[in-house]
Amino acid sequence: MSYHTMSLSNASGLEALHETKRNETARALEALLDIRNHALFELQKTGGIFMYLSPAQQDIINRQFEPGSFLLEEIVRRSTLPLMEKPGKITVQLPALAESRRPNSLKRIAAVKKNILQFGIIRSRAAELAGALAKSVTVFNHQYKTARRELFPLGVFSRLWRNIRRFFSRPYFTRRDLGYLRNLGAAASFVLKMAEAPI
């Protein structure tokens, strides 16, 4: 029986359903928060790469991003913050019921039904965002692995060679590298966009 067909005599069952849906929604928000923190943790990997871009190279890449994207400077800033300083709370106030002297009144029953409907909307939105965020992290990790493989094919020796270039006042990254870095930056920007999407 759905809550729409419950009668006044079954108001206690409706309130029990209200608490069940409220708890389910709280769990969905907690799951979204876990995925969000994981996504922000993954972005820390970009800090050790983008920091070597020159201002001119950053500008070249930023101008290729879609409008509304996070710029490389912001990605680097957020990727180097300790996790505890990153957005850690999803600010959604779950609807609560006001105390009433007449728990079975039509007004209270209407409020219970309204809250249950809101719980469903919030829960669906949280699940949608969690799915989108998980996919964006998968894309980001693919781009990160691709960029790292292309930029540092010889591992520590590739990094050593790039540091030697810097010693002689040459850019750490070459013009050829910017395509991989742009793809990585675009993927990181999308992760941040999903992580900060409102519920």
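Our subject is the structure listed above.
1. Some words on the packing of aromatic side chains
For any pair of aromatic rings, geometry is given as the distance between the ring centres together with the angle between the planes.
So, point 1. If you walk through the whole model with that rule in mind, you get four aromatic pairs.
So, point 2. Ring geometry for Tyr52 versus Tyr172: centroids 4.1 Å apart, planes at 15°, classification stacked. Taken together, the positions of Tyr52 in the loop between helix H2 (47–50) and helix H3 (55–62) and Tyr172 in the loop between helix H6 (156–167) and helix H7 (178–195) put the pair 120 residues apart, joining distant regions of the chain.
So, point 3. By relative accessible area, which is 24% here, Tyr52 ends up partly exposed.
So, point 4. Ring centres 6.3 Å apart and planes at 25° place the aromatic pair Phe140 and Tyr144 in the stacked group. Taken together, the residues Phe140 and Tyr144, both in helix H5 (residues 106–151) and four residues apart, mark about one turn of the helix.
So, point 5. Looking at Tyr144, the relative accessible area reads 11%, which means it is buried.
So, point 6. Through a chain of ring-to-ring contacts, the aromatic side chains of Tyr52, Tyr172 and Phe173 assemble into a single cluster.
So, point 7. Across from the ring centre of Phe152, 3.9 Å away, lies the NZ or CZ of Arg159, which sits over that ring.
So, point 8. One residue, Arg162, lies across the ring of Tyr172, its end atom 5.9 Å from the ring centre.

2. Some remarks on the nonpolar core
So, point 1. Membership of the largest hydrophobic core comes to 30 residues, with the highest contact counts inside it found for Ile49, Phe50, Leu53, Phe140, Phe173 and Leu181.
So, point 2. Sorting the residues of this core by element identifies helix H1 (11–43), H2, helix H4 (72–79), H5 and H7 as the ones contributing at least two each.
So, point 3. Counting residues per element, this core draws most heavily on H7, which supplies nine residues.
So, point 4. Core analysis: the next-biggest nonpolar cluster, separate from the first, contains eight residues, Leu29, Leu32, Leu129 and Ala130 among them.

Analysis parameters
- Residues numbered from 1 in each chain as written.
- Predicted model: local features only at pLDDT ≥ 70, side-chain atom pairs only at ≥ 80, totals over all residues.
- Heavy atoms only, no water.
- Phe/Tyr/Trp six-rings, centres within 6.5 Å; stacked < 30°, edge-to-face > 60°.
- Helix = DSSP H or I, 4+ residues; strand = E, 2+ residues; numbered from the N terminus.
- Buried < 20%, exposed > 50% of the residue type's maximum accessible area, 1.4 Å probe, protein only.
- Lys NZ or Arg CZ within 6 Å of the ring centre and 35° of its normal.
- Core = buried A, V, L, I, M, F, W, Y, C linked by side-chain atoms within 4.5 Å.

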